[in-house]
Amino acid sequence: MKELHQFIPLIIKNGLYSEHLFQTKLVSLFCKFGSLHEAARVFQPIEDKIDELYHTMLKGYARNSSLDDAVSFFCRMRYDGVRPVVYNFTYLLKVCGDNADLRKGKEIHCQLIVNGFASNVFAMTGVVNMYAKCRLVEEAYKMFDRMPERDLVCWNTIISGYAQNGFGKTALELVLRMQEEGKRPDSITIVSILPAVADVGSLRIGRSIHGYSMRAGFESFVNVSTALVDMYSKCGSVGTARLIFDRMTGKTVVSWNSMIDGYVQNGDPGAAMEIFQKMMDEQVEMTNVTVMGALHACADLGDVEQGRFVHKLLDQLELGSDVSVMNSLISMYSKCKRVDIAAEIFENLQHKTLVSWNAMILGYAQNGRINEAIDYFCKMQLQNIKPDSFTMVSVIPALAELSVLPQAKWIHGLVIRTCLDKNVFVATALVDMYAKCGAVHTARKLFDMMDERHVTTWNAMIDGYGTHGLGKAALELFEKMKKEVIKPNEVTFLCVLSACSHSGLVEEGFQYFGSMKKDYGLEPAMDHYGAMVDLLGRANRLNEAWDFIQKMPIEPAISVFGAMLGACRIHKNVELGEKAANRIFDLDPDDGGYHVLLANIYATASMWDKVARVRTTMEKKGIQKTPGWSVVELQNEVHTFYSGTTSHPQAKKIYAFLETLGNRIKAAGYMPDTNSVHDVEDVVKEQLLNSHSEKLAIAFSLLNTSPGTTIHLRKNLRVCGDCHNATKYISLVTKREIIVRDMRRFHHFKDGTCSCGDYW
């Protein structure tokens, strides 16, 4: 640019500044270097402007300015009596497509027709491209189909349009039709069609196209090789992608980005970071896409130190103000459990996008900070930022964890008002939320109303039935799923096995466990083995459960032995409980929950010396018992009760009411189960049982709601036997339905019975 300015005085000195050729060339050069202001300074004073000068200036506006400026100059050009040429329209159509401005695109299309270019292949290819980029691919095809003749560029444009709009199958069909009409695919065709192959996930077709590329000599083209890397990665063949990548000469930054992204998408973030490191070693200039891929890998690794390292590179790469990179940073820190740093980055963002808000809401939700997630969602609305499907899919699970039905209804209403209720992922989240809020029948109504159901939708509904103890309904739905030719995945079978476990359907559970590999080729994972141990253990088939563990083809993890220990606690089996506990403590000697379970097994068997030994071990190691709490929501306020708490404003009233209620349920037949309490008098034992968190929460709800109101509460631990029995009697004497969601399942207490049938 500096040399160009030095050249201008020579042009003037030699009397060439008034020559049309030099005027046009100067404007063209300034536009080429992005200096539209300088180009305009040359253009404006010229009195006798030739048409070529206008065309050059329009090209400059189209490439270097806004769409509005380009269209305004086009209008001025027409006002000045300059007749448009075909490439005026192609430049303008390209800008309309890049900006997805359909209205202006249609106006340019009309002008194109008025000026007699409706049959021009070059012009109509621009029209096809514009409609495709505006996501009106059917309209693009209409334009394409009306063309009397079509060249290879036109074919590539429509193929790319279908591929980029998610119509991979149609794009592939068009390639076949193109060949039938005598057009041979070139390298641009290959680059356009490979994303369509990835979209349909057909490795066989991808390999065929790869073979064609090799025979045609296209594999040496870096854009083709990069597209092949991307295709193989997205089709799950990342090893082949790496072989192509390693053989490439003259890799571009896009090639490196494709390989990093390929490893991330295929669940190998470690390899992605190795490529990133190699990229730095070879001093390849990185882009925002490179950094976002590396941050995604760090997030999947949960490696906050590597994440910090990438973060520090941003200033060096001059990407510190890139909002997309900042959003990736927020997601990375959130997934690495440093949501505090994520929040700091978010607050410092000058231009927060919807994606920024979504990342922050999801970050809080993933870290169990539900109230903050909901607070940020409300702040977003106060700033008039309209939520999208990603927002809803982030905030709905957060509300599901609160298990508060009025809030569930509120967010459902908002989903309807924002016209997102037809989105399959949002609707699936709603199904899951209602099930987790105790309204499983509402969840089923929503499920039945859905026009489209993903496998995750079926999983959510099956799991909902399972956690409510409706095992047979869960299995009926699973059979219906199979009849509708929806292929179950690993999560589906985990939901099915869990449903069998909660309902004591042992034989059915074994049948489905065997079906995983036999009928669907799915290898059982650790969670599936844990579910089977839980199934056998709950059914009091403890010896079979232990034998099952011994015969596992993979080394059992803590979750498997934990299921065994929990079953031994239910059925008071000290011998197998000790075996399971010893294996757990070999793997993780500092887990407080399992120490407490073992102590409870000993207490039930009145083995107080062993109870003392476990507690002494816990004290020496500083292992803390997880405090039990229960939560109820009343008039939009959440009340949390801990066992023995006296800090609640209504504490005295609650304890007094519990004493009266205790006498009423005893008169109805309730007998306190004091076996798990020792070293104190019987009266104190009963007082300790009465101070359990769920009893305090139930008493508070009874005191503060009108007769007949259903009580909903959530507990962080498994409901103990005494509280379960007491709650049945409370539902009987108060004529209330009480719905309790504990850490494993739902209990619906009504008229003295529980939906679990005392099987939990």
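What you see is a predicted model, and the numbers here were worked out from it, not measured in a lab.

Engineer: An account of the overall build of the protein chain is requested, with residue identities and associated values reported.
Structural biologist: Within the protein chain, the regular secondary structure consists of 41 helices and six strands. Across the 760 residues of the protein chain, 50% fall into the buried class. For the protein chain, restricting intrachain contacts to residue pairs at least 6 apart in sequence, the fraction spanning at least 24 positions comes to 61%. The averaged location of the 86 negative side-chain charges in the protein chain is 3 Å from the averaged location of its 84 positive side-chain charges.

Engineer: Describe in detail the nonpolar core, supporting the description with residues and values.
Structural biologist: Counting 217 residues, the largest nonpolar core has Met392, Ile396, Met433 and Met564 as its most contacted members. No other element matches helix 26 (residues 424-436), which puts nine residues into this core. If we skip the residues at most four places from it in the chain, Ile396 touches Ile411, Val415, Val426, Ala429, Leu430 and Met433.

Engineer: Outline the environment of Glu219, supporting the account with residue identities and numerical values.
Structural biologist: Of note, Glu219 is situated in the loop between helix 13 (203-216) and helix 14 (222-234). Those residues in contact with Glu219, other than ones at most four positions away along the chain, are His210, Ser213, Met214, Ser225, Leu228 and Arg247. Only 2.9 Å separates the side chain of Glu219 from the side chain of His210, close enough to count as a polar contact.

Engineer: Got a sec to walk through the UniProt feature "repeat: PPR" (unreviewed entry) in the protein chain? Specific residues and values, please.
Structural biologist: The UniProt feature table records "repeat: PPR" (unreviewed entry) at residues 50-84, 120-150, 151-185, 252-286, 322-352, 353-387, 454-488 and 489-524. Taken end to end, residues 252-286 has its terminal C-alpha atoms 10 Å apart, with 74% of it in helix and 0% in strand. End C-alpha to end C-alpha, residues 322-352 measures 11 Å, and it is 74% helix and 0% strand.

Engineer: Any chance you could break down helix 17 (residues 269-281) for me, citing the residues and the numbers?
Structural biologist: For helix 17, built from 13 residues, the straight-helix expectation of 18 Å at 1.5 Å per residue is met to within 8% by its first-to-last C-alpha distance of 18 Å. Phi for Gln283, located one or two positions after helix 17, is positive at around 55°.

Engineer: Give a detailed account of the pattern of salt bridges, specifying residues and quantitative values.
Structural biologist: Using the criterion set out here, one finds 30 salt bridges in the structure. A salt bridge links Asp432 to Lys436, with the shortest nitrogen-to-oxygen separation between them at 3.3 Å. Within this pair, Asp432 and its partner Lys436 are both found in helix 26, separated by four residues, close to a single helical turn. For Asp432, a relative accessible area of 17% corresponds to the buried category. Since its relative accessible area comes to 24%, Lys436 is described here as partly exposed. One salt bridge in this structure joins Asp534 and Arg744, with 3.2 Å as the shortest N-O distance. Note that Asp534 is positioned in helix 32 (residues 526-538) and Arg744 in the loop between strand 4 (738-741) and strand 5 (746-750), a separation of 210 residues in sequence. According to the relative accessible area criterion, Asp534 is buried, its value standing at 8%. Look at the salt bridges and you will find they share partners, linking Asp145, Arg150, Arg177 and Glu181 into a network.

Engineer: Describe unusual backbone geometry, and please don't skip the residues or the numbers.
Structural biologist: Positioned with a positive phi, Val485 is a non-glycine residue whose angle comes to about 60°. As for its placement among the helices and strands, Val485 is situated in the loop between helix 29 (471-483) and helix 30 (490-503). One non-glycine residue, Lys572, lies in the positive phi region at around 60°. Structurally, the position occupied by Lys572 is in the loop between helix 34 (558-571) and helix 35 (574-587). Exposure remark for Lys572: the relative accessible area of 54% places this residue in the exposed category.

Engineer: Tell me about the environment of Met124, residues and numbers included.
Structural biologist: When you line up the elements, Met124 lands in helix 8 (residues 121-133). Discounting residues that sit within four places of it in the chain, Met124 has contacts with His109, Leu112, Phe117, Ala118, Met143 and Met147.

Engineer: Break down the side chain of Lys104 for me, citing the residues and quoting the values.
Structural biologist: By the secondary structure assignment, Lys104 is in helix 7 (residues 102-114). Residue contacts for Lys104: discarding those within four places in its chain leaves Leu67, Asp68, Val71 and Cys96.

Engineer: Give a description of the packing of aromatic side chains that names residues and reports values.
Structural biologist: Within the structure shown, the criterion is met by 30 aromatic pairs. Judged by centre distance (6.2 Å) and plane angle (50°), the ring pair of Trp546 and Phe561 falls under tilted. Residue Trp546 is located in helix 33 (residues 542-550), and its partner Phe561 is located in helix 34; the two are separated by 15 residues in the primary sequence. In this pair, the class of Trp546 matches that of Phe561, namely buried. If you follow Lys352 out to its NZ or CZ, it ends over the ring of Phe346, 5.2 Å from the centre. Cation over ring: Lys379 sits above Tyr376, and NZ or CZ is 4.6 Å from the ring centre.

Engineer: Hey, could you go over the packing of helix 16 (residues 253-265) against helix 18 (residues 288-301) for me, with residue numbers and the actual values?
Structural biologist: The interhelical angle for the contact between helix 16 and helix 18, taken along N-to-C directions, is 20°, at an axis separation of 9 Å. Overall, the two elements helix 16 and helix 18 adopt an arrangement that is roughly parallel. In this structure, helix 16 crosses over helix 18, and the sense of that crossing is left-handed. Here helix 16 contributes Val253, Asn257, Ile260, Val264 and Gln265 to the contact with helix 18, which in turn contributes Val289, Thr290, Gly293, Ala294, His296, Ala297 and Asp300. The residue inventory of the contact of helix 16 with helix 18, partitioned by class, reads six nonpolar, five polar and one charged.

Engineer: So what about the pairing of strand 4? Which residues, and what values?
Structural biologist: Neither face of strand 4 is open: one carries Ile738 and Val740, the other Ile739 and Arg741, and all of them are buried. Where strand 3 (residues 711-715) and strand 4 come together, four bridges link them in parallel fashion. When the bridges of strand 4 are listed, His712 appears paired with Ile739. Chirality of the crossover, the property in question, places the unit of strand 3, helix 41 (residues 721-734) and strand 4 among those that are right-handed. Summarising the sheet, strand 4 and strand 5 pair through four bridges and their orientation is antiparallel. When the sheet's bridge partners are listed, Ile739 is paired in strand 5 with His748. Between strand 4 and strand 5, which pair antiparallel in sequence order, lie four residues.

Engineer: Explain the sheet that holds strand 3 to me, using residue names and the numbers behind them.
Structural biologist: With mixed pairing, the six strands of this open sheet are ordered in space as 2-1-3-4-5-6. Looking along the sheet, the strands with just one partner apiece sit at the ends: strand 2 (637-642) and strand 6 (753-754).

Engineer: Talk me through helix 29; I want residue IDs and the actual numbers.
Structural biologist: A rise of 1.5 Å per residue sets the reference length of helix 29, with its 13 residues, at 18 Å; its end C-alpha atoms lie 19 Å apart and thus fit the reference within 8%. Listing the buried residues of helix 29 in full gives Gly471, Ala474, Leu475, Leu477, Phe478 and Met481. Burial along helix 29 is one-sided: seen end-on, the buried residues are contained in an arc of 160°. Facing away from the buried side of helix 29, by more than 90 degrees, are the exposed residues Lys472, Glu476 and Lys483. Residues of helix 29 that are buried make contact with helix 27 (440-449), helix 28 (455-467), helix 30 and helix 31 (506-520). After helix 29 finishes, the residue Val485 shows a positive phi value of roughly 60°.

Engineer: Explain the confidence of the model for the protein chain to me, and be specific about the residues and the numbers.
Structural biologist: A low pLDDT means the predicted coordinates there should not be read in detail. For the protein chain, per-residue confidence averages 90 on the pLDDT scale, and residues scoring 70 or more make up 96% of the total. Of the regions scoring below 50 in pLDDT, residues 12-17 engages in seven contacts with residues more than four places distant in sequence or in other chains.

Engineer: Let's hear about the pairing of strand 2: which residues, and what values?
Structural biologist: As defined by bridge partners, strand 1 (residues 629-634) adjoins strand 2 across six bridges and the pair is classed as antiparallel. Across the sheet, Ser630 pairs through a bridge with Phe641, a residue of strand 2.

Engineer: Could you give an account of the state of the cysteines, naming the residues involved and the relevant values?
Structural biologist: What we call a disulfide is simply a covalent bond connecting the sulfur atoms of a pair of cysteines. Following the criterion strictly, the structure yields zero disulfides and no others. Cysteine Cys568 remains unbridged, with the sulfur of Cys720 as its closest cysteine sulfur at 19 Å. Under the relative-accessibility criterion, Cys568 is labelled buried at 0%.

Definitions and limits used
Residues numbered from 1 in each chain as written. Predicted model: local features only at pLDDT ≥ 70, side-chain atom pairs only at ≥ 80, totals over all residues. Heavy atoms only, no water. Helix = DSSP H or I, 4+ residues; strand = E, 2+ residues; numbered from the N terminus. Buried < 20%, exposed > 50% of the residue type's maximum accessible area, 1.4 Å probe, protein only. Contact = heavy atoms within 4.5 Å. Lys, Arg positive; Asp, Glu negative; His and termini not counted. Charge placed at Lys NZ, Arg CZ, Asp CG, Glu CD. Core = buried A, V, L, I, M, F, W, Y, C linked by side-chain atoms within 4.5 Å. Polar contact = N/O pair within 3.5 Å; in protein donor to acceptor, adjacent residues only side chain to side chain. UniProt positions renumbered as here; feature names shortened; annotations may be inferred. Expected span 1.5 Å × (residues − 1). Salt bridge = Lys/Arg side-chain N within 4 Å of Asp/Glu carboxyl O. Phe/Tyr/Trp six-rings, centres within 6.5 Å; stacked < 30°, edge-to-face > 60°. Lys NZ or Arg CZ within 6 Å of the ring centre and 35° of its normal. Axes fitted to C-alpha atoms, helices over the stretch in contact; angles between N-to-C directions. Parallel < 35°, antiparallel > 145°, perpendicular 65-115°, else oblique. Left-handed = near helix turned anticlockwise from the far one by under 90°. Nonpolar A, V, L, I, M, F, W, Y, C, P; charged D, E, K, R; others polar. Pairing = 2+ DSSP bridges. Right-handed = clockwise from strand over helix to strand, strands pointing away. Arc of directions from axis to C-beta. pLDDT = per-residue confidence, 0-100. Disulfide = S-S within 2.5 Å.

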